[in-house]
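Inside the fold
Residues per chain are reported as follows:
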Amino acid sequence: PAVDRTRGCSAGFYIYGVVRDAQNNPLTGVRFKYGIRDAFTKVSSTETKGYELVVQSDTRWFMQIVDAGDRPLSLSVDVQMPPADSGTCWVKLDWKKNY
């Protein structure tokens, strides 16, 4: 994950990115779970442009790609959001399938 200082802050904090196949093509419909304290409580999926999640600042989020039955297909990735007063509110996390 990388803090993106090029995007301005508006009404929240965001984790965003794209999931790509081994040939670097964007994938749609890829499901992932995310939550805090390693408790994956929310589910989302990618669209053509990728994904964009609204999250809380000053919080560590955990994310992983899952199958239709919510079983993990990737390792858990730890995303530490910047502090609320940092002036940055976007964190980019891209995924790429290795095979």
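These figures come from a predicted structure and were not determined experimentally. (Residues numbered from 1 in each chain as written. Predicted model: local features only at pLDDT ≥ 70, side-chain atom pairs only at ≥ 80, totals over all residues. Heavy atoms only, no water.)

**Brief notes about the pairing of strand 2 (residues 13-17)**
Burial of strand 2 is extensive: five of the five residues sit out of reach of the surface. Burial along strand 2 is two-sided: Phe13, Ile15 and Gly17 and Tyr14 and Tyr16, pointing in opposite directions, are all buried. Sheet topology note: the strand 2/strand 6 (residues 51-55) ladder contains five bridges and is antiparallel. Paired with Phe13 across the bridge in strand 6 is Val55. Looking at chain direction, strand 2 and strand 9 (residues 90-92) are connected through three bridges and run parallel. The residue of strand 9 that forms the bridge with Tyr14 is Trp90. (Buried < 20%, exposed > 50% of the residue type's maximum accessible area, 1.4 Å probe, protein only. Helix = DSSP H or I, 4+ residues; strand = E, 2+ residues; numbered from the N terminus. Pairing = 2+ DSSP bridges.)

**Overview of the packing of aromatic side chains**
Taken as a whole and assessed by the stated rule, the structure comprises five aromatic pairs. Consider the rings of Tyr14 and Trp90, whose centres lie 4.1 Å apart with planes at 15 degrees: the pair is stacked. Residue Tyr14 is located in strand 2, and its partner Trp90 is located in strand 9; the two are separated by 76 residues in the primary sequence. Using a relative accessible area of 7% as the deciding quantity, one classes Trp90 as buried. Between the aromatic rings of Tyr34 and Trp61, the centroid separation amounts to 5.9 Å while the plane-to-plane angle is 45 degrees, which identifies the pairing as tilted. Remark: Trp61 occurs in strand 7 (residues 60-66) and Tyr34 occurs in strand 4 (residues 31-36); sequence separation between them is 27 residues. (Phe/Tyr/Trp six-rings, centres within 6.5 Å; stacked < 30°, edge-to-face > 60°.)

**Description of the sheet that holds strand 9**
Taking strand neighbours across the sheet as the criterion, the four strands line up as 1-9-2-6 in an open arrangement whose pairing is mixed. Each having just a single partner strand, strand 1 (2-3) and strand 6 make up the two edges of the open sheet. Relative to strand 9, strand 1 is paired through two bridges, and the arrangement is antiparallel. What sits directly across from Ala2, in strand 9, is Lys92.

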